[in-house]
Amino acid sequence: MSDFIEMAAVGHIYADGQAGLNGCSLAIRRGSRNALLGANGSGKTTLLLHLNGLLRPSDGVVRIDGTPLDYRRAGLAALRRRVGLVFQNPDDQLFSASVVEDVSFGPVNLGLDAATVRARVAAALAAVGMDGEAERPVHHLSFGQKKRVCIAGVLAMQPELLLLDEPTAGLDAAMQADLLGLLGTLSARGLTVVLSTHDVDLAYRWADDIHLLAAGRCIASFAAERLAQHGAALATAGQPLPAVVEVHRALVARGLLAEAPAPRCHEQLLAALAAIDNKDCEETPMRNDSRSPARRSAA
Ligand SMILES: Nc1ncnc2c1ncn2[C@@H]1O[C@H](COP(=O)(O)OP(=O)(O)OP(=O)(O)O)[C@@H](O)[C@H]1O
Ligand SMILES: [Mg+2]
């Protein structure tokens, strides 16, 4: 995968003198799933606002396809067709009376004909599972439904890069799983996705690439499957190891599981444990007591 959008030594000083970013460099590969992982105040939101040109660097440069962003009006309009941003708080993003009006806003602004707008809006609402709610007033929706409408509004623009600021915050477990499923589907269709989070378990489970942020700087970028080798950088960024990595290590240390492959989520860990059970059954086919070594030692 080639680099799609990159930051080189980007600094950002807010009007009150506060540093939002400080010499931040990172590269996002085309078609990849990315997690910006960092503590509160580490610069995640500031970074996302730079990737779609809502903020302009005080220092350094942001490039898309190798070309520095063009901050003139037409340049920004072109950029925002390619790069869509979903804000953390839906109330910062939704402003029309009904769902369908809100999702139509972007495509109408692009000057598309009515039939194309209708088709895009229908497809975007279907993608987020909100096609039955098109006529509802936005202010009657639940938080999770509003979030979906925000995502639909961005999808209707058919961006190449989707940025989401803490998309799972405030969603229940089922909604989080749905959302990650949707982002997985979009990414499988070729969309590049960048989300911010302070949830290391989520980043490890979902992302191809993790970018660790601390004090306005990207202190490490790595493939999620290599996360366990970056314990020191995680600690600097105030992040624990994912729970599944800790449990897997404890099981490896007790000789109950092999070191590789390391599971990325608890479902994979459970599958590895179930495989021990199955192996145990195959090795002792005539015994009624075919409990795994793990269970026997726990008994
Ligand atoms: N509008 C602003 N004016 C002044 N300082 C700001 C502004 N927005 C953010 N900052 C500062 O910039 C730094 C980075 O903030 P940012 O919101 O990007 O962090 P974050 O990683 O998104 O945090 P969180 O997890 O709390 O959302 C912080 O020190 C913050 O106080
Ligand atoms: Mg933020």
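If you're wondering where the values come from, they're calculated on a predicted model, not measured in any experiment. (Residues numbered from 1 in each chain as written. Chains lettered and ligands numbered in written order. Predicted model: local features only at pLDDT ≥ 70, side-chain atom pairs only at ≥ 80, totals over all residues. Heavy atoms only, no water.)

## Points about the packing of helix α3 (residues 99-109) against helix α4 (residues 114-127)
Each pair of packed helices can be summarised by the angle the axes make with each other and by the distance between the axes.
Here is step 1: Running from N to C, α3 and α4 point in directions that differ by 125 degrees, and their axes come no closer than 9 Å. The orientation of α3 with respect to α4, classified from their angle, is oblique. Considering the relative orientation of α3 and α4, their crossing is right-handed. In contact with V99, V100, V103, S104, P107 and V108 of α3, α4 contributes V117, V121, A124 and L125.
Here is step 2: When the residues that make up the contact of α3 with α4 are grouped by side-chain class, the tally is nine nonpolar, one polar and no charged. (Axes fitted to C-alpha atoms, helices over the stretch in contact; angles between N-to-C directions. Helix = DSSP H or I, 4+ residues; strand = E, 2+ residues; numbered from the N terminus. Parallel < 35°, antiparallel > 145°, perpendicular 65-115°, else oblique. Left-handed = near helix turned anticlockwise from the far one by under 90°. Contact = heavy atoms within 4.5 Å. Nonpolar A, V, L, I, M, F, W, Y, C, P; charged D, E, K, R; others polar.)

## Side note on the sheet that holds strand β9 (residues 209-214)
Here is step 1: With mixed pairing, six strands are arranged side by side in an open sheet as β6-β7-β8-β3-β9-β10. Strands with a single pairing partner mark the edges of an open sheet, and in this sheet they are β6 (83-86) and β10 (217-223). In this sheet, neighbouring strand axes are inclined to one another by 15 degrees on average, regardless of whether the strands run parallel or antiparallel.
Here is step 2: Taken together, the four bridges between β6 and strand β7 (residues 161-165) define a ladder with parallel strand orientation. Bridging across to β7, V83 finds its partner in L161.
Here is step 3: Each of β6 and β7 is contacted by helix α2 (residues 73-82), which is oriented at about 70 degrees to β6, the strand it contacts most.
Here is step 4: This element, helix α6 (residues 173-188), spans β3 (33-38), β7 and β8 (192-197) of the sheet and lies at about 150 degrees to β8. (Pairing = 2+ DSSP bridges.)

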